[in-house]
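Understanding the architecture of this molecule
One-letter residues, chain by chain:
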Amino acid sequence: MTKQAEKFLDDFMVRIVAKNPGEAEFHQAVREVAESLAQTIVENPIYEKMKILDRIAEAERIIIFRVPWLDDKGQVQINRGFRVQMNSAIGPYKGGLRFHSSVNLSILKFLAFEQTFKNSLTTLPMGGGKGGSDFDPKGKSDTEVMRFCQSFATELQRHIGADTDVPAGDIGVGGREIGFMYGQCKRLRNEFTGTLTGKGLDWGGSAIRPEATGYGVSYFVEEMLATRGDSPAGKIVTISGSGNVAQYACEKMTALGATVVTMSDSSGYIYDADGIDAEKLAHIMEIKNIFRGRIADYVKEYPSAQYFAAERPWGVKCDIAIPCATQNEISEEDAAKLLANGCFCIAEGANMPSTPAAIAIFQSNKLLYAPGKASNAGGVATSGLEMSQNSMRISWTPEEVDSKLKSIMRNIHSRCVEYGTGEDGYINYVNGANIAGFRKVANAMIQQGVV
Ligand SMILES: NC(=O)C1=CN([C@@H]2O[C@H](COP(=O)(O)OP(=O)(O)OC[C@H]3O[C@@H](n4cnc5c(N)ncnc54)[C@H](OP(=O)(O)O)[C@@H]3O)[C@@H](O)[C@H]2O)C=CC1
Ligand SMILES: O=C(O)CCC(=O)C(=O)O
């Protein structure tokens, strides 16, 4: 990076931190992007003159609202709802809703910021957004979740729409929650439109949307390994999380011939040296999706596996690591363990799961490392395909959607190679994803004037 680019980066980050005090996750996500883009920006003065990166880092609109609801005992509960409408340069705001006790503005702004670049990479016409609530569905009855979702959607529906902003799922928001919110939006607006994605297959949902993020990250791993003449077959894989993304990453990596040996939740991880095959994964899906239980229950059914409470799986020997739980779940120490154990490929299913210090270890040791905004883009890409099907009032077959998903992931990989390959041939997927994602949004913003 030239001195001029370094100065741009320093000045820019001073402005970001001053304008968004105390928002550590947001600063982290913005800094990573700004580091990749500083050189491109000083070499293209129009970007600096038009303050493109400052504008991308400032949400177009943020809505914060009260979500009151009645629990099963008839007591009033109050949560806080958010929608961050980050950038609409290339399409309606698009991005998931997160329901988790940790949700705050910093987390949702980092996610919405990342989403803007991710959605641009998919090549589909989608802007960036994210939302959610500090409501935690864990331990709540179905009727409590329904009452909460109805209250949340009652306010949210004023701000969203098929051509305005199209939310979907994220942590704590799956098919059940999308169904309750869609029902309430439809009732209040008296229209059946594609206002949310991740809908049920019989009422406007797309085939393969539940599978898409996990399948997409697996297709991305295939592409990464192919750059070194390799493939997933015979590889040992560690996965964190046991929710939507983790489940389908496990399914697809196993189908591609790899052996997945770990999955986790926020209480701990399981290690099954024999591999979590299709039958064992079906059991995990039952524990998590039907009984809404804990991953620890796995060892009751498969006693040869081990459960490690309050630990993450990154000390387990593997070739490939696919973090699919949450942000900053791979620390510097975890990254050092992965490296020491011979792991050579890290593909993020989660958003920003690796800390900056962990990424520095991956990159300085020339490991294959893909940031979530590239490798987990299959979920939102398939949401984009759901929007297209809704507009055209048609449904594609699972095979059609899967083949489009595969070609989108291959295309994202090619863009990363195009913009991220250094002089020594090492592919810096972070730079590649950030630069490729930025160019399209930046050029659209220039063409649309100062808005
Ligand atoms: N769903 C999608 O299509 C997409 C999701 N993502 C990202 O993938 C990640 C997982 O999302 P998804 O699978 O949908 O969510 P789910 O709610 O289905 O699953 C989340 C999993 O991560 C675990 N987890 C959540 N928070 C923590 C934490 N603080 N520490 C440890 N484990 C935690 C959960 O454990 P527990 O049950 O104990 O809470 C659960 O196993 C998120 O980063 C999300 O932003 C990215 C692209 C698309
Ligand atoms: O499908 C979507 O719209 C959003 C998916 C998502 O939240 C993400 O990509 O992080």
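Rules of the game
- Throughout this document, residue positions are counted from 1 along each chain, in the order its sequence is written.
- As a convention, the first chain written is A and the first ligand written is 1, with the rest following in written order.
- Owing to the predicted nature of the model, reporting of local features is limited to residues with pLDDT of at least 70; listing and counting of side-chain atom pairs is limited to 80 or more, with chain, interface and lining totals taken over all residues.
- Side-chain metrics rest on all non-hydrogen atoms present in the structure, leaving aside hydrogens and water.
- UniProt positions are given in the numbering used here, feature names are shortened, and annotations may be inferred rather than shown by experiment.
- Nearness is judged by heavy atoms alone; a residue qualifies as near a molecule or strand once a single heavy atom is within 4 Å of it.
- Pairs of N or O atoms within 3.5 Å make up the polar contacts considered here, provided that, within protein, one atom can donate a hydrogen while the other can accept it, and that residues adjacent in sequence are counted only when both atoms are side-chain atoms.
- Here the accessible surface of atoms and residues is derived via Shrake-Rupley with a 1.4 Å probe, and residues count as covered only by protein chains that are part of the display.
- Residues forming no salt bridge and having over 30% relative accessible area are the ones grouped into patches, like charges within 9 Å of each other and nonpolar side chains (Val, Leu, Ile, Met, Phe, Trp, Tyr) within 5 Å.
- We define a salt bridge as a contact between a side-chain nitrogen of Lys or Arg and a carboxyl oxygen of Asp or Glu at a distance within 4 Å.
- Counted charges follow a simple rule, with Lys and Arg positive, Asp and Glu negative, and His plus the chain ends left uncounted.
- Working definition for charges: the position is that of NZ of Lys, CZ of Arg, CG of Asp or CD of Glu.
- Going along the chain from the N terminus, every DSSP run of H or I of four or more residues is numbered as a helix, and every run of E of two or more is numbered as a strand.
- Interaxial angle, 0 to 180 degrees, is taken between N-to-C directions of lines fitted to C-alpha atoms, where a helix line uses only the stretch in contact.
- Any angle that falls under 35 degrees is termed roughly parallel, while one over 145 is termed roughly antiparallel, one within 65 to 115 roughly perpendicular, and all others oblique.
- Two helices cross in a left-handed way if the nearer one is turned anticlockwise from the farther one by less than a right angle. They cross in a right-handed way if the turn is clockwise.
- It only takes one pair of heavy atoms within 4.5 Å for two residues to be counted as in contact.
- Each residue is assigned to one of three groups, with Ala, Val, Leu, Ile, Met, Phe, Trp, Tyr, Cys and Pro labelled nonpolar, Asp, Glu, Lys and Arg labelled charged, and all others, Gly among them, labelled polar.

- As annotated in an unreviewed UniProt entry, the protein chain is Glutamate dehydrogenase from Mucinivorans hirudinis.
- In the Subunit (unreviewed entry) part of its UniProt record, the protein chain is described as follows: "Homohexamer."
- The annotation that UniProt attaches to the protein chain under Sequence similarities (unreviewed entry) is "Belongs to the Glu/Leu/Phe/Val dehydrogenases family."

1. Observations concerning the site of ligand 1
- Near ligand 1, the surroundings consist of 26 residues, among which K138, D170, T213, S266 and R294 are the closest.
- At 2.9 Å, a backbone N or O of G172 approaches an oxygen atom of ligand 1.
- One nitrogen or oxygen atom from the side chain of S266 is found 2.4 Å from an oxygen atom belonging to ligand 1.
- Protein contact buries 84% of the 900 Å² of open area that ligand 1 shows by itself.

2. Quick notes on a negative patch on the surface
- On the surface, D274, D277, E279, E286 and E301 cluster together into a patch of negative charge.
- Mapped onto the secondary structure, E279 falls in helix α10 (residues 278-290).

3. Regarding the packing of helix α15 (residues 378-392) against helix α16 (residues 398-420)
- The contact between α15 and α16 brings their axes to 10 Å, and the two run at 130°. It follows from the interaxial angle that α15 and α16 lie oblique. Note on packing geometry: the crossing formed by α15 with α16 is right-handed. Counting all contacts with α15, which are made through G378, A381, T382, L385 and Q389, the residues of α16 involved are V401, K404, L405, I408 and M409.

4. Here's the deal with the site of ligand 2
- In the vicinity of ligand 2 lie 14 residues, with K94, K118, K130, R209 and S383 positioned nearest.
- One nitrogen or oxygen atom from the side chain of R209 is found 2.9 Å from an oxygen atom belonging to ligand 2.
- The fraction of the free accessible surface of ligand 2 (290 Å²) that becomes covered by protein chains is 95%.
- Class assignment of the residues belonging to the shell around ligand 2 gives a composition of two nonpolar, seven polar and five charged.

5. Topic: the packing of α16 against helix α17 (residues 429-447)
- At a minimum axis separation of 7 Å, α16 and α17 run at an interaxial angle of 100°. The angle between the axes of α16 and α17 places the two elements in the roughly perpendicular class. Across the interface between the two elements, H413, R415, C416, Y419 and G420 from α16 touch Y429, N431, G432, A433, I435, A436 and R439 from α17.
- Among the residues forming the contact of α16 with α17, the class breakdown is six nonpolar, four polar and two charged.

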